[in-house]
2 protein chains.
Amino acid sequence: MTPSAPRPEDDRPAPPTRRRPGGRTARIRTQVLDAVLAELGEHGYDGLTMDAVAARAGVNRATVYRRWGDVGGLLADVLDAAGEDDWQPPDTGSLVGDLAALNHEIQAALTAQPPVVTALIAASFRSERADRAQQRLWEDRYARCEIIVSRAVRRGELPSPTDARPLLIAATAPLYHQLLLLRTPPDPHLPEHAARTAALAASAGAFAEPPSVGDT
Amino acid sequence: MTPSAPRPEDDRPAPPTRRRPGGRTARIRTQVLDAVLAELGEHGYDGLTMDAVAARAGVNRATVYRRWGDVGGLLADVLDAAGEDDWQPPDTGSLVGDLAALNHEIQAALTAQPPVVTALIAASFRSERADRAQQRLWEDRYARCEIIVSRAVRRGELPSPTDARPLLIAATAPLYHQLLLLRTPPDPHLPEHAARTAALAASAGAFAEPPSVGDT
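Residues numbered from 1 in each chain as written. Chains lettered and ligands numbered in written order. Predicted model: local features only at pLDDT ≥ 70, side-chain atom pairs only at ≥ 80, totals over all residues. Heavy atoms only, no water.

With respect to the UniProt feature "DNA-binding region" (unreviewed entry) in chain A
Where we set the bar: UniProt positions are given in the numbering used here, feature names are shortened, and annotations may be inferred rather than shown by experiment. Put simply, DSSP H or I for four residues or longer makes a helix, DSSP E for two residues or longer makes a strand, and each gets a number counted from the N terminus.
Here the UniProt feature "DNA-binding region" (unreviewed entry) sits at residues 49-68 of chain A. With 80% helix and 0% strand, residues 49-68 of chain A has its two end C-alpha atoms placed 12 Å apart.

Given below as structure tokens:
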């Protein structure tokens, strides 16, 4: 789900509102997480070091070690910070429109330069802390997206009830599969096409609850 | 697409028939690639070394270095060897049956212990040679699976022509997304459900060529 991480330039982590806004702690966190994103975009996970992050952030090394522990801790906090924003899924007035707009956001995030989102996902294969944070972020994003389905049910576009999560997975999975795993060049029609395919199946009751077969 | 790599025990690389069958070169390759899979299953990419592979295979270190160069070369050859088998997609007599059986194979490969397939995919994020070999293997597997779609067209289950590749991606992507990226526990109903969803959309013309809109 996108944005799965902020990009350094235009989408930096929201200030952590649970801490004193504008306080020194929050400011250091922003500096450090921005530095992580910049280093990750330039050098990838293999080139990411605590020392380079501290230097780039202009923050004392000891502070960075004490607060984040290791590279996995830095990545986990970047991902947690990404989930602290107020992102909401697109609201275009139709199911296909919402899913297509969502897919366009995903495609943009997965093809952005520098490839920060891709680097974070790749890092989640290597750091358990980053992995758990990535799963939390995805869970949060998919949960926020469920409103796309409930709006479509309310508009009469989908049977009631429709199981939101598998529909959202069906609509978005082809993007991740092609861009992250198969690594095919971005197909400009895929966001719309994957959205239409999932919506077509959903309208035909593919995600209607309870399942049409008597599964346990 | 599965099997995306052989498992050490029960599905070892087919002898490379392009070389002298049973020859010393082929035998060494089999020993080395089996050792790679065993080491990968036990220690993952981070624990995979040329020396450990040579020792486990009982093959001279110099031979391993000369022939495979580095760990990326070993992984690439494991993936290439996996593509040299005579795997064919399931032929159950129906589109949904074929796609569901395919998805069951994918789910089994992605949840197998030791997690060799997952480790190979993770490694493809880190080694360019492994990455290219993984892409070749997937391309080969999806190409072989296109017969599932042409059989369904011939049986009248799908409109003619139907674009095979995006249909196969739609059917299989949710498995990879849930198991590899979201890392949710395996859902025993997902192979069948993802197959039904894609087949439903396909029957409704979601993958009929040419696209219903006048795209270029």
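There's plenty left to go through after this.
Things to note about the packing of aromatic side chains
Heads up, the rule is: Each Phe, Tyr or Trp ring (for Trp, its six-membered ring) is paired with any other whose centre lies within 6.5 Å, and the angle between the two planes then decides the class: stacked below 30 degrees, edge-to-face above 60, tilted in between. Burial classification: accessible surface area is computed with a 1.4 Å probe over protein chains only, and a residue below 20% of its type maximum counts as buried, one above 50% as exposed, and the rest as partly exposed. Charge over a ring is defined by NZ of Lys or CZ of Arg lying within 6 Å of the ring centre and within 35 degrees of the ring normal.
Evaluation of the coordinates by the stated rule reveals three aromatic pairs over all chains. Pairing Trp 138 of chain A with Tyr 176 of chain A gives two aromatic rings, centres 5.7 Å apart and planes at 80 degrees, and the pair type is edge-to-face. Separated by 38 residues along the polypeptide, Trp 138 of chain A in helix 7 (residues 128-154) and Tyr 176 of chain A in helix 8 (residues 164-181) bring together distant segments of the chain. By the burial criterion, Trp 138 of chain A is buried, and Tyr 176 of chain A matches it. Between the NZ or CZ atom of Arg 183 of chain A and the centre of the ring of Phe 125 of chain B, over which it lies, the distance is 4.4 Å.

A short note on the interface of chain A and chain B
A common way to express how large an interface is: the accessible area buried when the components associate. Our working rule: Whether two residues touch is decided by their heavy atoms; if any such pair falls within 4.5 Å, the residues are in contact. Here's the idea: put two parts together, see how much 1.4 Å probe accessible area each one loses, and the total over both is what we call buried area. Here, a salt bridge means any side-chain nitrogen of Lys or Arg that lies within 4 Å of a carboxyl oxygen of Asp or Glu. Counting of polar contacts relies on pairs of N or O atoms within 3.5 Å, with two restrictions inside protein: one atom must be capable of donating a hydrogen and the other of accepting it, and residues adjacent in sequence are counted only when both atoms are side-chain atoms.
Of the residues lining the interface, 31 residues belong to chain A; the matching set on chain B comes to 31 residues. Around 3,000 Å² of area is buried between chain A and chain B when both sides are counted, 69% of it from carbon and sulfur atoms. When the buried area of chain A at its contact with chain B is split by residue, Phe 125, Leu 181 and Arg 183 of chain A rank highest and sum to 23% of it. At the surface where chain A touches chain B, the tally comes to two salt bridges. Between Asp 131 of chain A and Arg 183 of chain B there is a salt bridge whose closest N-O contact spans 2.2 Å. Summed over the shared surface of chain A and chain B, the number is ten residue pairs in polar contact (both at pLDDT 80 or more). Of all the secondary-structure elements, those providing two or more residues to the side of chain A that touches chain B are helix 6 (116-123), helix 7, helix 8 and helix 9 (190-203) of chain A.

Examining unusual backbone geometry
All names here are of chain A. Here the amide bond leading from Gln 113 into Pro 114 is cis, since omega sits at -5 degrees, within 30 degrees of zero. Residue placement: Pro 114 occurs in the loop between helix 5 (95-111) and helix 6. The residue Arg 183 is not glycine, and still its phi comes out positive at about 55 degrees. Structurally, Arg 183 is set in the loop between helix 8 and helix 9. Exposure remark for Arg 183: the relative accessible area of 26% places this residue in the partly exposed category.

Some points on the confidence of the model for chain A
The line we're drawing: Confidence of the prediction at every residue is given by pLDDT, a number between 0 and 100.
Of the residues in chain A, 87% reach a pLDDT of 70 or more, and the chain-wide mean stands at 88. Considering only residues more than four positions removed or in separate chains, one finds that residues 2-19 of chain A, a stretch of pLDDT under 50, has 50 contacts.

Observations regarding the pattern of salt bridges
Residues and elements named next belong to chain A. Within this structure, the stated rule accounts for 40 salt bridges over all chains. Ionic pairing is found between Arg 141 and Asp 85, a salt bridge with its closest N-O pair at 2.8 Å. One end of the pair, Arg 141, is in helix 7; the other, Asp 85, is in the loop between helix 4 (71-82) and helix 5, with 56 residues separating them in the sequence. Residue classification places Arg 141 among the buried residues on the basis of a relative accessible area of 0%. Classification of Asp 85 by relative accessible area gives partly exposed; the value is 23%.

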